[in-house]
Amino acid sequence: MTSTVHVIGAGLAGLAAAIRLCQRGKGVVLHEAAGQAGGRCRSYHDPVLDMVIDNGNHLLLSANDAALSYLGTIGAAAKLVGPAQAEFAFVDVASGKRWTLRINDGRLPWWIFDEQRRVPDTRAADYLSIFRLLWPGSERTICETVKCAGPLYDRLARPLWLAALNTDPKEASARLAAAVTRETLAKGGKACRPLFAPEGLSQAFVESALSFLREHQAKVEFSHRLRALELGQDRVTALDFGDDGRVAVAAGDSVILATPPAVSADLVPGLKTPEKFRAIVNAHFRIEPPPGLAPILGIINGTIEWLFSFKHRLSVTISCADRLLEVPRETLAGQIWQEVAAVAGLTGAMPPWQIVRERRATFAATPAENAKRPGAETAWKNLFLAGDWTNTGLPATIEGAIRSGNRAAGLVSAT
Ligand SMILES: Cc1cc2nc3c(=O)[nH]c(=O)nc-3n(C[C@H](O)[C@H](O)[C@H](O)COP(=O)(O)OP(=O)(O)OC[C@H]3O[C@@H](n4cnc5c(N)ncnc54)[C@H](O)[C@@H]3O)c2cc1C
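What counts as what
Residues numbered from 1 in each chain as written. Predicted model: local features only at pLDDT ≥ 70, side-chain atom pairs only at ≥ 80, totals over all residues. Heavy atoms only, no water. Pairing = 2+ DSSP bridges. Helix = DSSP H or I, 4+ residues; strand = E, 2+ residues; numbered from the N terminus. Near = heavy atom within 4 Å. Polar contact = N/O pair within 3.5 Å; in protein donor to acceptor, adjacent residues only side chain to side chain. Areas by Shrake-Rupley, 256 points an atom, 1.4 Å probe, with all protein chains shown as cover. Nonpolar A, V, L, I, M, F, W, Y, C, P; charged D, E, K, R; others polar. Phe/Tyr/Trp six-rings, centres within 6.5 Å; stacked < 30°, edge-to-face > 60°. Lys NZ or Arg CZ within 6 Å of the ring centre and 35° of its normal. Axes fitted to C-alpha atoms, helices over the stretch in contact; angles between N-to-C directions. Contact = heavy atoms within 4.5 Å. Expected span 1.5 Å × (residues − 1). Buried < 20%, exposed > 50% of the residue type's maximum accessible area, 1.4 Å probe, protein only. Disulfide = S-S within 2.5 Å.

(A) Spatial organisation of the pairing of strand β4 (residues 51–54). Relative to β4, strand β3 (residues 43–46) is paired through four bridges, and the arrangement is antiparallel. For Y44, the partnering residue across the bridge sits in β4 and is I53. Between β3 and β4, which pair antiparallel and follow one another directly, the connecting turn spans four residues, one of which, D50, has a positive phi of 55°.

(B) Region of interest: the site of the ligand. Near the ligand you find 34 residues, and of these E32, R40, H58, L59 and D388 are the closest. The backbone of L59 places a nitrogen or oxygen atom 2.7 Å from an oxygen atom of the ligand. In the complex, 92% of the free accessible area of the ligand, which totals 1000 Å², lies under the protein chains. Of all the elements in the fold, those that place two or more residues in the shell around the ligand are α1 (12–23), β18 (353–363) and α11 (398–414). Grouping the amino acids of the shell around the ligand by side-chain chemistry returns 16 nonpolar, 13 polar and five charged.

(C) Highlighting the packing of aromatic side chains. Summed over all chains, the structure comprises eight aromatic pairs. What links up through ring pairs into an aromatic cluster is the set F90, W99 and W306. One cation-aromatic arrangement involves R313 over F310; the distance from NZ or CZ to the ring centre is 4.2 Å. One cation-aromatic arrangement involves R360 over F277; the distance from NZ or CZ to the ring centre is 4.1 Å.

(D) Representation of the environment of S208. Following the sequence through the fold, S208 ends up in helix α7 (residues 201–215). A C-alpha to C-alpha distance of 9.4 Å links S208 and T73, two positions 135 residues apart in sequence.

(E) Spotlight on the sheet that holds strand β19 (residues 383–385). The five strands are arranged β9-β2-β1-β13-β19 in an open sheet whose pairing can be described as parallel. Two strands lie at the open edges of the sheet, namely β9 (219–221) and β19, each paired on one side alone. Adjacent strand axes in the sheet meet at a mean angle of 20° when their direction is disregarded. With three bridges joining them, strand β13 (residues 254–257) and β19 adopt parallel strand pairing. In the sheet register, L257 faces β19, and the bridge partner there is L385. Across the face of the sheet, α1 comes into contact with β1 (4–8), β2 (27–31) and β13 while running at roughly 165° to β2.

(F) Region of interest: the sheet that holds strand β16 (residues 306–310). Taken in spatial order, the seven strands line up as β7-β6-β15-β16-β17-β14-β18 in an open sheet, and their pairing is mixed. Because the sheet does not close on itself, it has two edges, and the strands there are β7 (98–103) and β18. The average angle at which neighbouring strand axes cross in this sheet is 25°, direction not considered. Strand direction decides the pairing type here: strand β14 (residues 277–286) and β18, joined by eight bridges, are antiparallel. Paired with N282 across the strands is V356, a residue of β18. Across the face of the sheet, helix α9 (residues 329–344) comes into contact with β6 (86–92), β7, β14, β15 (296–300), β16, β17 (313–318) and β18 while running at roughly 100° to β18.

(G) Looking closely at α9. Here α9 spans 22 Å end to end across 16 residues, near enough to the 22 Å set by a 1.5 Å rise per residue. Among all positions in α9, only L332, A333, I336, W337, E339, V340, A341, V343 and A344 are buried. G345 sits one or two positions beyond α9 and adopts a positive phi of about 70°.

(H) Quick look at the side chain of S173. With respect to the helices and strands, the residue S173 is situated in the loop between α5 (151–165) and α6 (174–183). A distance of 3.2 Å separates a polar atom in the side chain of S173 from the backbone nitrogen of R175. Beyond its immediate chain neighbours, meaning those up to four positions away, S173 contacts E139, R140, I142, L165, A365, T366, P367 and N370.

(I) Molecular detail of the state of the cysteines. If you walk through the whole model with that rule in mind, you get one disulfide. For C143, the disulfide goes to C148, at an S-S distance of 2.2 Å. Looking along the S-S bond of the C143-C148 disulfide, the torsion reads about -95°, which is the left-handed sense. On the basis of relative accessible area, C148 is assigned to the partly exposed category, the value being 24%. Unpaired in this structure, C22 has its nearest cysteine sulfur neighbour in C41, at a distance of 19 Å. A relative accessible area of 7% places C22 in the buried class. C192 forms no disulfide, and the closest cysteine sulfur to it belongs to C148, at a distance of 19 Å.

Geometric descriptors of this kind do not, in isolation, establish any biological role.
This is the structure in structure tokens:
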């Protein structure tokens, strides 16, 4: 009889693990507590806007090799789109200034010597400060490691690190920022092309993944919440799904726990995990994007940070947005719309809108929380951990989640 791998949690970490295992010919059962897959990276129909939106706008970069390879495997590579070159349009709402950052393809950063390509009001020498981050040495914050002031910081470094770490650079881990910078800016424009899913996250990351799993005879069980792990001395012996039953874990079977940190900490005795989180706020407006508006626009000195143009919709992302959680929805929508209208050159009344606040969008990428991230192996030899919060070396991102799933699948295959 072939062995079975039980994957708990059908977020991207669990999906990636399940896909890898199927590729290696393993029998897979994926158990998901919710009625759908995707976790924090999914689409749904919003009744107010009467359209399908994502739980949050997700930006990837062409450096995200694991994410791109995952999409390639499930036949969804074409679902991510972006410019052919690493170009980022920006507007500063304080000064009204607009520019486009153009990072040349190769590793030699000649773009920093070209006023038409680099950040306005910066000099080539300023960029050395970013590269100083690449060897942070100890568990310090970004702002203890590099100068967090000046046009280069305000207009490039801060937006990049804030988007990637979802944590204010004053308290964010320099080590995690260095990992992101090393894999993106330091590799040149080929690694920095912005990518997003215009037809929605589920179309790109979830639906084709589920088709792939079904085609490979994996079983996917929705509304199947794991309540407890039955643990022997050195292995998991059964999965307890409460009223939904108990599943024995036979000798040779394995379990990958790809649940959020608080859930995993409840299920695994003695497990240390990150415990602090940061919010992300998204605002959506049902309106046709005006012609000429960049598909992704970076905003400096505003409340809004990124403006995405979708079909029939403009959509805003604000990272590390805990300060906005208690602002009344109407007030927040009005304030955000004013900025959107100003940068997109729109007049007229606020169109139909929706605000989505994800309170625990990602773990707080501080040195202290980063130090709490466990590896994939546990004290039980057939139990492995996955999830963007495990120790991937990256902040909580799609890329990190997928790498963690791949890693856990690799460890199962090695047993
Ligand atoms: C608003 C927002 C914006 C973001 N923007 C970006 C971005 O621009 N770029 C980027 O790269 N990343 C972004 N991220 C981060 C990215 O979405 C996550 O890193 C990734 O989706 C995490 O996947 P995961 O599988 O590790 O965890 P999750 O998606 O949390 O998956 C865990 C799964 O486990 C299930 N589960 C929980 N308990 C149980 C149980 N007891 N039994 C069975 N199943 C259970 C959950 O229902 C869930 O499906 C963003 C996240 C949010 C919320």
